[in-house]
Amino acid sequence: MNDTLSSIGMDLILHGIRELQDLRGVLRRPQIQVTVGLFLFVLLCLTSYAIMTLTRKARMLRKFPAAWKLPIVGSIPLMLGSPESMSSRVAIGTWLWGRVFTFWLSHIPYLVITDADAVQKVLSSTKYIEKGKNYNQFEWLLGNGLITSNGHMWKEDRRLLSPSFKYQRFDGFLTYFNKHSKILVEILDKVFVEGNSKKDKSGGKEKDVNLHPYLSRATMDFISESALGLDSNFQSDIHAKFLEGVHMALAAVRTRVTRPWLTVPIIWDIFGFGKEEKAATAVFSEIMNEVSDPTNILKRREILSNNDGAIAGTKPFIDALLDCKSNKDITGHIHTIFGAGFETTASGMNYTLFLLALNPHLQAKVHEELDQVLGKTSEDLDVTFAHLADLKYLEMCIKETLRLFPPAPAILRNAVEDIPLETGQVIPKGVDMLFFLRDVHLDPRHFPNPGKFDPDRFLPEACASRHPYAYIPFSAGPRNCLGLKYAMVQMKCCLSHILRHFKVSTQQKRDDLKIVYGMVLETSPAIELTLTPREQ
Ligand code: HEM
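Residues numbered from 1 in each chain as written. Predicted model: local features only at pLDDT ≥ 70, side-chain atom pairs only at ≥ 80, totals over all residues. Heavy atoms only, no water.

### Here we look at the overall build of the protein chain
Moving on, step 1. Looking only at helices and strands, the protein chain has 22 helices and ten strands in total.
Moving on, step 2. Here the protein chain holds 536 residues, and the buried ones make up 50% of them.
Moving on, step 3. For the protein chain, the proportion of contacts with a sequence separation of at least 24, taken over those separated by at least 6, is 74%. (Helix = DSSP H or I, 4+ residues; strand = E, 2+ residues; numbered from the N terminus. Buried < 20%, exposed > 50% of the residue type's maximum accessible area, 1.4 Å probe, protein only. Contact = heavy atoms within 4.5 Å.)

Have a look at this one:
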């Protein structure tokens, strides 16, 4: 009996193999290959057409204007082109389809939002605080903490971190900001005054210099000491490799953001991006492991218990974190604060200096204010909170800069439920919403002649009558930037030191620069400036 069964089984297997061989033979014929290929293609087109038109999401999204789309690839062809042209393509999209439109990344729909009313509807709500799906690719920089977390975890983290970002706690931070700003001024003095900047070969004139790396290193020192209470001395050259790594990794993020079809892991690796990205992020991780090493945390605990090394009144972020259950949690939060806090403020300051260089008459007003508030002499002076409160025009210049060059150019949210808009349209549950902050800021309904650099837009009376969500460089609502006040104090303090000592000029024009949307807003080419001592 068993023999009969096994021989039948054997026959069946042999029969199956023969059938497969026949099928392979058939499939080898070119006509059949073309037919099967065509069949699969049509099937794929029909499936993708069905997803883009018949699903619940698609039917609800039909109420919104939509970017042109094709079966299978969706609106991806509109993304082809250099990363530098992405910002102008968003602007063209806004012009063609309005301030809320749908964009299909293959079969995945996104809603691009740059309308202040729609922004307010989503960002002001405590319900719509879930981040979009794409944040995991930023984990190397931002850690696995507040910025990338969702739901219950986010609420816990926000509750834990919020007290340490209270304005009253920043008194001590000013000590750090003053100390490292003075070091920065000394370094810049060497670069520009002691002739270390390269001469322009053609005219023998001083060549403009990219200040961004100097500003980044200074902001790393600010954040390092504010977070840990320990001086990591990033402005010395030891960490030069680190910035290189960060900028390489940011370039990889730019590629990911602007060419999402490359980010399928296998394609990413085949094109060699994976290797490059790993090498770049490894440099950053190395530094992160060093600064947020548990031994540093222990050292900080020791300083606090001995109370001998801490600057009086200074409470670094880590003090608020020492209640965390594990050192691993503390390390994660420190990583997030670092990642969020250095490139953003370095960019904000670089763009402010650039726009003041292009507008010497406005720069003169800043200098006048600095002379009035801080005194004309170049004597060593620490900027205090009282000074900062009086530096109103400088603050208006920074705010206007963040409107035109918001360092964090875009944010993502996921619709955890249907979101009805005032217009009658409903954002369907599950769709990712993409907010381009610079494009929100360039709406002429809220900022007439939007491209013009005009700090007076931030006079109190002008702000009072403006739409509350027309200006959102730090995002807005319950999930806004926790470091907003910290960032403003830090940028004002550091810029007042730089501008007290130097006049800033540039040979570049605004039109020479292309805006590049990545994780941080960049320009191509990089901004280059010349600093001249004011006392000369
Ligand atoms: C000019 C400087 C800065 C700008 C323009 C800026 C902008 C932003 C934006 C737009 C977000 C929202 C991100 C999103 O929803 O995806 C954000 C979140 C955040 N920022 Fe900033 N930021 C700046 C500086 C800082 C600094 C210096 C720190 C820390 C010291 C910081 C800490 C954070 C944190 C922790 C979050 C996450 C908040 C949450 O999800 O609850 N930021 N920032």
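### Observations regarding the site of the ligand
Moving on, step 1. Close contacts around the ligand come from 28 residues, with Tyr 135, Trp 154, Arg 158, Arg 479 and Cys 481 the closest.
Moving on, step 2. Here an oxygen atom of the ligand sits 3.2 Å away from a polar atom, N or O, in the side chain of Lys 131.
Moving on, step 3. Here an oxygen atom of the ligand and a side-chain polar atom of Arg 479 are 2.9 Å apart.
Moving on, step 4. At the level of secondary structure, the elements contributing two or more residues to the shell around the ligand comprise helix H7 (151-161), helix H15 (327-341), helix H16 (343-358), strand S3 (410-414) and helix H22 (484-501).
Moving on, step 5. Counted by class, the shell around the ligand contains 18 nonpolar, six polar and four charged residues. (Near = heavy atom within 4 Å. Polar contact = N/O pair within 3.5 Å; in protein donor to acceptor, adjacent residues only side chain to side chain. Nonpolar A, V, L, I, M, F, W, Y, C, P; charged D, E, K, R; others polar.)

### Remarks on the coordination of the iron atom of the ligand
Moving on, step 1. On the protein, Cys 481 (SG) is the one donor atom to the iron atom of the ligand, at 2.3 Å.
Moving on, step 2. Mapped onto the secondary structure, Cys 481 falls in the loop between helix H21 (460-464) and H22. (Donors = N, O, S within 2.8 Å, 3.2 Å for Na, K, Ca; no water.)

### Remarks on unusual backbone geometry
Moving on, step 1. Of note, the amide linkage connecting Ser 524 to Pro 525 takes the cis form, showing an omega dihedral of -5°.
Moving on, step 2. Structurally, Pro 525 can be placed in the loop between strand S9 (522-524) and strand S10 (530-533).
Moving on, step 3. With a phi close to 60°, Ser 475 is a non-glycine residue in the positive phi region.
Moving on, step 4. With respect to the helices and strands, the residue Ser 475 is situated in the loop between H21 and H22.

### A closer look at the packing of helix H8 (residues 170-192) against helix H9 (residues 212-228)
Moving on, step 1. Between H8 and H9, whose axes approach to 9 Å, the crossing angle comes to 160°. On the basis of the axis angle, H8 is roughly antiparallel to H9. As for how H8 packs across H9, the hand of that crossing is right-handed. Contact residues: H8 offers Phe 173, Tyr 176, Phe 177, Lys 179, His 180, Ser 181, Leu 184, Ile 187, Leu 188 and Val 191, while H9 offers Tyr 214, Leu 215, Ala 218, Asp 221, Phe 222, Glu 225 and Ser 226. (Axes fitted to C-alpha atoms, helices over the stretch in contact; angles between N-to-C directions. Parallel < 35°, antiparallel > 145°, perpendicular 65-115°, else oblique. Left-handed = near helix turned anticlockwise from the far one by under 90°.)

### Some details on the UniProt feature "transmembrane region" (unreviewed entry) in the protein chain
Moving on, step 1. UniProt's feature table lists "transmembrane region" (unreviewed entry) at residues 32-54, given in the numbering used throughout.
Moving on, step 2. As a span, residues 32-54 carries 96% helix and 0% strand, and end to end its C-alpha atoms are 31 Å apart. (UniProt positions renumbered as here; feature names shortened; annotations may be inferred.)

### Structural notes on the environment of Ala 116
Moving on, step 1. Within the secondary structure layout, Ala 116 lies in helix H5 (residues 116-123).
Moving on, step 2. For Ala 116, a relative accessible area of 2% gives the class buried.
Moving on, step 3. On a C-alpha basis, the gap between Ala 116 and Arg 99 in space is 8.8 Å, while along the polypeptide they are 17 residues apart.
Moving on, step 4. Beyond its immediate stretch of four places on either side in the chain, Ala 116 contacts His 446, His 467, Tyr 469 and Ala 470.

### Considerations on the UniProt feature "binding site: heme" (unreviewed entry) in the protein chain
Moving on, step 1. UniProt feature "binding site: heme" (unreviewed entry): in the numbering of this structure it lies at Cys 481.
Moving on, step 2. A relative accessible area of 31% places Cys 481 in the partly exposed class.

### Thoughts on the environment of Phe 242
Moving on, step 1. By the secondary structure assignment, Phe 242 is in helix H10 (residues 240-258).
Moving on, step 2. In the structure, Phe 242 is positioned 45 residues away from Ile 287 in sequence and 7.2 Å away in space, judged by C-alpha atoms.

### Focus on helix H17 (residues 360-374)
Along an α-helix, residues three or four positions apart point the same way, because every turn accommodates 3.6 residues.
Moving on, step 1. With 15 residues, H17 should reach 21 Å at 1.5 Å per residue; the first-to-last C-alpha distance of 20 Å fits that figure.
Moving on, step 2. Contact partners of the buried residues in H17: H16, helix H18 (385-390), helix H19 (392-404), H22 and strand S7 (502-505).
Moving on, step 3. Two residues or fewer past H17, Gly 375 is found with a positive phi of approximately 90°. (Expected span 1.5 Å × (residues − 1).)

### Some points on the packing of aromatic side chains
Moving on, step 1. Per the stated rule, a full pass over the model turns up eleven aromatic pairs.
Moving on, step 2. When the centroid spacing of 6.4 Å and the interplanar angle of 45° are considered together, the rings of Phe 173 and Phe 177 count as tilted. In this pair, Phe 173 and Phe 177 are both assigned in helix H8, four residues apart and thus about one turn of the helix distant. Note on accessibility: Phe 173 and Phe 177 belong to one class, buried.
Moving on, step 3. An aromatic cluster is present here, built from Phe 173, Tyr 176, Phe 177, Phe 222 and Tyr 486 joined pairwise through their rings. (Phe/Tyr/Trp six-rings, centres within 6.5 Å; stacked < 30°, edge-to-face > 60°.)

### Concerning the sheet that holds S3
Moving on, step 1. Read across the open sheet, the four strands follow the order S1-S2-S6-S3; overall the sheet is mixed. Two strands close off the open sheet at either side, each with one partner strand: strand S1 (100-105) and S3. Ignoring strand direction, the axes of neighbouring strands in this sheet form an average angle of 30°. (Pairing = 2+ DSSP bridges.)

### Concerning H5
Moving on, step 1. Listing the buried residues of H5 in full gives Ala 116, Ala 118, Val 119, Val 122 and Leu 123. Looking down the long axis of H5, one finds its buried residues gathered within 160° of arc, a one-sided arrangement. (Arc of directions from axis to C-beta.)

### Re the confidence of the model for the protein chain
Moving on, step 1. Averaged over all residues, the pLDDT of the protein chain is 83; the fraction at 70 or higher stands at 84%.
Moving on, step 2. Low pLDDT, under 50, characterises residues 308-312; the stretch is placed with six contacts to residues that sit more than four places away or in other chains.
Moving on, step 3. Per the prediction output, this complex has pTM 0.87; the corresponding ipTM is 0.99. (pLDDT = per-residue confidence, 0-100.)

### Here's the deal with the pattern of salt bridges
Moving on, step 1. Applying the stated rule across the entire model yields 13 salt bridges.
Moving on, step 2. When the shortest N-O distance is used, the salt bridge between Lys 179 and Glu 225 registers 3.2 Å. In this pair, Lys 179 is assigned in helix H8 and Glu 225 in helix H9, connecting sequence segments 46 residues apart.
Moving on, step 3. You can call Glu 225 buried: its relative accessible area is 5%.
Moving on, step 4. For Asp 371, the salt bridge is made with Arg 534, and the minimal N-O distance between the two is 2.9 Å. One end of the pair, Asp 371, is in helix H17; the other, Arg 534, is in the segment after S10, with 163 residues separating them in the sequence.
Moving on, step 5. On the basis of relative accessible area, Asp 371 is assigned to the buried category, the value being 16%.
Moving on, step 6. Residues participating in the shared-partner salt-bridge network are Arg 99, Asp 115, Asp 443 and Arg 445. (Salt bridge = Lys/Arg side-chain N within 4 Å of Asp/Glu carboxyl O.)

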